[in-house]
Amino acid sequence: MLTSAEIRKAFLDFFASKGHVIVPSAPIVVKNDPTLMFTNAGMNQFKDYFLGNKKAPYTRAADTQKCLRVSGKHNDLEEVGVDTYHHTMFEMLGNWSFGDYFKKEAIEWSWELLTEVYKIPKDRLYVTVFEGDPAENLPASTVALAKWKQLVAEDHIVYGNKKDNFWEMGDTGPCGPCSEIHVDCRPDTERAQVPGRDLVNKDHPQVIEIWNNVFIQYNRKKDGSLEPLPSTHVDTGMGFERLVRVLQGKQSNYDTDVFTGTITATEKITGKTYGFSDNRADIAFRVIADHIRAIGFTIADGQLPSNTGAGYVIRRILRRAVRYYYSYLDYKQPLLFQLMPVLAKQFETVFPELQQQLDFVSKVVKEEEEAFLRTLEKGLKKMDDIMAGSATLIDGAAAFELYDTYGFPLDLTMLIARENKLEVDEAGFRKEMEQQKERSRAATVVDTEDWVGFQEDQSSVFVGYDQLEVETKLIRYRKV
Ligand code: ATP
Ligand code: MG
Ligand code: MG
Ligand code: MG
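Residues numbered from 1 in each chain as written. Chains lettered and ligands numbered in written order. Predicted model: local features only at pLDDT ≥ 70, side-chain atom pairs only at ≥ 80, totals over all residues.

A. Expanded view of the site of ligand 1. Every one of the 16 residues lining ligand 1 counts as a neighbour, but Asp76, Phe90, Asn212, Gly237 and Gly239 are closest to it. Looking at the shell around ligand 1 residue by residue, the classes come out as 6 nonpolar, 5 polar and 5 charged. (Near = placed C-beta within 6 Å. Nonpolar A, V, L, I, M, F, W, Y, C, P; charged D, E, K, R; others polar.)

B. Looking closely at the packing of helix H9 (residues 280–300) against helix H13 (residues 358–389). Look at H9 against H13: their axes get within 10 Å of each other, and the N-to-C directions meet at 125°. For the element pair H9 / H13, the angle class is oblique. H13 is crossed by H9, and the crossing has right-handed handedness. Within the contact between the two elements, H9 uses Ile295, Gly296, Ile299 and Ala300 and H13 uses Val361, Val364 and Val365. Counted by class, the contact of H9 with H13 contains 6 nonpolar, 1 polar and no charged residues. (Axes fitted to C-alpha atoms, helices over the stretch in contact; angles between N-to-C directions. Helix = DSSP H or I, 4+ residues; strand = E, 2+ residues; numbered from the N terminus. Parallel < 35°, antiparallel > 145°, perpendicular 65-115°, else oblique. Left-handed = near helix turned anticlockwise from the far one by under 90°. Contact = placed C-beta atoms within 7 Å.)

C. Layout of helix H4 (residues 142–151). Every buried residue belonging to H4 is among Ala144, Lys147 and Trp148, and all of these are buried. For H4, the angular spread of buried residues about the axis comes to 100°, placing them on one side. Exposed side chains of H4 directed beyond 90 degrees from the buried face belong to Thr142, Lys149 and Gln150. Contacts made by the buried residues of H4 are with helix H3 (103–117), strand S6 (125–130), strand S7 (157–160) and strand S9 (173–184). (Buried ≥ 20, exposed ≤ 12 C-beta atoms within 10 Å, placed from the backbone. Arc of directions from axis to C-beta.)

D. Quick peek at the nonpolar core. Counting residues in hydrophobic clusters, the biggest one holds 111 residues, and the most contacted among them are Ile288, Ile295, Ala321, Tyr325 and Leu336. Take this core: its biggest share by element is 11 residues, from H9. Looking at which domains feed residues into this core, each of domain 1 (4–247) and domain 2 (259–442) gives three or more. Beyond its immediate chain neighbours, meaning those up to four positions away, Tyr325 contacts Thr270, Ala284, Ile288, Tyr331 and Leu335. One finds Phe400, Leu402, Leu412 and Ala417 within the second-largest nonpolar core, a separate group that totals 14 residues. (Core = buried A, V, L, I, M, F, W, Y, C linked by C-beta atoms within 7 Å. Domains from an automatic or database assignment.)

Spelled out as structure tokens, the structure:
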């Protein structure tokens, strides 16, 4: 069985052999782009090449990119741990053509890699093509279709709508029709009963999308219109953890060697056993194994948890993980920081930035855990009281109190409510939030991030996050 490290290397070696320059992953945290907080796809770092704002220094590139999908257009947070193939942070393997090769080569190479290098049986693979969209005057993908017809049986080609087969990074930016590859991992008996093509893009846990080949031809503008780009490009993304799961013959991404290290460490620390089922303890194991990666790599890339913006996204993920181990693994002390060395070691040769800043990251995570654990117990009791009193809905004021007094992010309150078949008045919560902002503005409180850097002599010099990498040696961080 190939290890995950061998699988990653085989991808990069394959595209290097086809003339691609292997480039490093961009940081997971996006600075200087008002349209995006975190890298959500491999193509983000190449956006300017596609738009023609900058000239690419090479015409073909490949890499593995750290991605995070917890906000904006691509938000998978609610699936994580509940299903077995959506993560918050994941690696996206990708190959790109900047004005060089187009549909024919991209499709041929993806097929060659999957069937000849990785040796996935052809009859388990299904491909999708864009059926077109009259409303936007977008034609069906005839070139991609013709190419696929040379490679796969016609009953393994599925026509897809704009949601699945027209890829966009966000509300604006480079985009285009795409052709995806799905793998049917079900046992033969099940495959004989229901053809895999009927299950493509239907959230079946064993018929999963692994690779997206996007043919970038348009720029989506602010007013919603599409403008053709001066040249055409290829942008592909393959979910690394899903690929490993397929090649290692597992039922779940969490059963692969990408995750078993941190799951085993969690078992040792908590004394609980991961049972590969759907009960809440097992979901907790998966959520922790997933969230620890998002937290660790994002902090290592310079985004500290805080009360606003991208920092709050990280704090929300962290608090979500704390609540899972606290409630479902019955572990009442900081846990995540103890897993950080395991994670850092595992990724030392791929993403060394975590190992390099291990002490700092662990310290930040531990303090965050301690802070939330101080109010979690009381907050959960409060939540129980609220739920005992409300028939179907948690009102905005109650959700706001949980947020303001007990540090419960809204999505955590909603998660707990959902587990108890209740809903939360989101609009009411936001109204309370606005009112509080008004009050703070009136009191001229400065809305600032709450991890602040101090120089060693403790004089209070705020350094800002852009300088984090350079400044960590000089600066100690302290929570305010
Ligand atoms: P899905 O339909 O499964 O949500 P997607 O169509 O949103 O995936 P793309 O934007 O096409 O995903 O991204 C390219 C590839 O990245 C996907 O084919 C998949 O293998 C992988 N991928 C996407 N989202 C995730 C995620 N949250 N966790 C792990 N892998 C992912
Ligand atoms: Mg998705
Ligand atoms: Mg999809
Ligand atoms: Mg897709």
